[in-house]
Amino acid sequence: MQTVEIEGKDFVYPGSWNEMNRAQLLDIARLLQQQLSPYDLKVRLIFKWLRLNKCLFHYRDATWIVNGIYRLGVPFALWGIKKGRVKSIDYSDVARLAETLDFLLTEEPLPDGRMRVERNNALTRQMIPMIKAGVRLYGPDDRMRNITAGEFAKAEYRYQSFLATGNVRYLNEMIAVLYRPARRFAWLARLVQSWDGEHRVSYHDYHLARAADIAKINMDVRFAILMFFEGCRNLAINGHPHVFNSGGDDGENGTGWAGIFQAISDKPTDIEQIARLNFWTLLFDLEQKAIASERQRNELENKK
């Protein structure tokens, strides 16, 4: 966490994605949808997180921090400014504060002078574990550690489709893949030694029908869920570079995860079994196989 002192009072706010709380994540989700410049986004966030957004008063080409009795109205604010009891904001200080939120975004200059901005999303804490869409639906655990390979593949397809088209149908369906009702007697399963940690019912394509109810949920919440999936996805990509070649995820011959499942299965009937494997277990296995294959290729090349 980060701490800043303003007017003798300490304010604490996040210094990384996983230090946020639910409200702060929703703040980011709301602002990201507004297509703001990186600077405007960070300034609005810092004002909100430091609780200054309701204390600002613009007067004579300056911005003043108005607190206490001086917030009762314009005459009080002007009187406080005249008496020197209300201080103005130094915009160089605002810029420095905004820089403390650089962990949110990555900015890269392009040859044509433009700036490419990407979300530097490292969110892996589950802050929206349950949503109400007709019934209670439960999402994956922290780091999405309890999702299957097939579940990830279906959510990934809809994540990519939403980013490419902006069609919220894909976002709603992505959430329908990840958020499902609880298993019956899930509390009892925790007592069984062989419990796999999963408290949701197994995924089936009929769960996509809940997308219509999910569409009624506040968009900020839905976008925050996308942020969680994206952060866990980034963790998978960064931690398994041999599987996600150069950050790509096209799989074998550009066929995506279906191609990966097909490539590692001995026969078509094995694909369904592979899809039911824990996503992270499968990733670890694929990474080790890819490393061994690369080592073998290098040894052969060195012998030539």
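Residues numbered from 1 in each chain as written. Predicted model: local features only at pLDDT ≥ 70, side-chain atom pairs only at ≥ 80, totals over all residues. Heavy atoms only, no water.

(A) Fine view of the overall build of the protein chain. From N to C terminus, the protein chain includes twelve helices and nine strands. Within the protein chain, the fraction of its 304 residues that count as buried is 43%. Taking the contacts inside the protein chain whose residues are at least 6 apart along the sequence as the reference set, 61% of them involve residues at least 24 apart. For the protein chain, the accessible area works out to roughly 17,700 Å², and carbon and sulfur atoms hold 51% of it. (Helix = DSSP H or I, 4+ residues; strand = E, 2+ residues; numbered from the N terminus. Buried < 20%, exposed > 50% of the residue type's maximum accessible area, 1.4 Å probe, protein only. Contact = heavy atoms within 4.5 Å. Areas by Shrake-Rupley, 256 points an atom, 1.4 Å probe, with all protein chains shown as cover.)

(B) Region of interest: the pairing of strand β6 (residues 105-109). The pairing of β6 with strand β7 (residues 115-119) spans five bridges and is antiparallel. Residue L105 lies in a different strand from β7, and its bridge partner there is R119. If you look at the hairpin formed by β6 and β7, you'll find five residues sitting between the two strands, and G113 has a positive phi there, around 95°. (Pairing = 2+ DSSP bridges.)

(C) Layout of helix α2 (residues 38-49). Between the first and last C-alpha of α2 there are 16 Å, a value that for twelve residues agrees with the 16 Å anticipated at 1.5 Å per step. Looking only at α2, the buried set comprises P38, L41, K42, V43, L45, I46, F47 and W49. Phi turns positive one or two residues past the end of α2, at R51, with a value near 60°. (Expected span 1.5 Å × (residues − 1).)

(D) Quick peek at the nonpolar core. L104, I131 and M174 are the most contacted members of the largest nonpolar core, which has 71 residues in total. Examining the composition of this core, we find that eleven residues originate from one element, helix α9 (residues 219-239), more than from any other. When near neighbours in sequence (up to four residues on either side) are disregarded, I131 contacts R136, L137, I175, Y179, I217, V221 and I225. (Core = buried A, V, L, I, M, F, W, Y, C linked by side-chain atoms within 4.5 Å.)

(E) Structural view of the packing of helix α1 (residues 22-32) against α2. At a minimum axis distance of 11 Å, the contact between α1 and α2 shows a crossing angle of 150°. In this view, α1 runs roughly antiparallel relative to α2, as classed from their interaxial angle. The interaxial crossing formed by α1 with α2 has right-handed handedness. Counted together, Q24, D27, I28, R30, L31 and L32 of α1 and L41, R44, L45, K48 and W49 of α2 form the full contact between these two elements. For the contact of α1 with α2, a count of residues per class yields six nonpolar, one polar and four charged. (Axes fitted to C-alpha atoms, helices over the stretch in contact; angles between N-to-C directions. Parallel < 35°, antiparallel > 145°, perpendicular 65-115°, else oblique. Left-handed = near helix turned anticlockwise from the far one by under 90°. Nonpolar A, V, L, I, M, F, W, Y, C, P; charged D, E, K, R; others polar.)

(F) Representation of the environment of A95. Among the structural elements, A95 can be located in helix α4 (residues 91-99). For A95, a relative accessible area of 25% gives the class partly exposed. Along the chain, A95 and Y39 lie 56 residues apart, while their C-alpha atoms are 8.2 Å from each other.

(G) The arrangement of the confidence of the model for the protein chain in detail. Counting all residues, the mean pLDDT for the protein chain is 80, and 76% of those residues have values of 70 or more. Element-level mean pLDDT values for the protein chain span from 54 in helix α7 (residues 186-189) up to 95 in helix α6 (residues 168-178). In the predicted structure, residues 246-255 sits below a pLDDT of 50 and forms 14 contacts with residues beyond four places in sequence or in another chain. (pLDDT = per-residue confidence, 0-100.)

(H) The pairing of strand β8 (residues 130-133), seen in detail. Residue alternation in β8 divides its side chains into a buried set, I131 and A133, and an unburied set, M130 and K132. Sheet topology note: the β8/strand β9 (residues 135-138) ladder contains four bridges and is antiparallel. Paired with I131 across the bridge in β9 is L137.

(I) How the structure looks around the side chain of R180. Considering the arrangement of structural elements, one finds R180 in the loop between α6 and α7. Among the polar contacts listed, one links the side chain of R180 to the side chain of E151, at a separation of 3.1 Å. (Polar contact = N/O pair within 3.5 Å; in protein donor to acceptor, adjacent residues only side chain to side chain.)

(J) Geometry of the side chain of H207. Tracing the sequence through the fold places H207 in the loop between α7 and α8 (211-214). Exposure remark for H207: the relative accessible area of 3% places this residue in the buried category. Ignoring anything within four residues of it in the chain, the contact list for H207 reads A176, R180, P181, V201 and S202.

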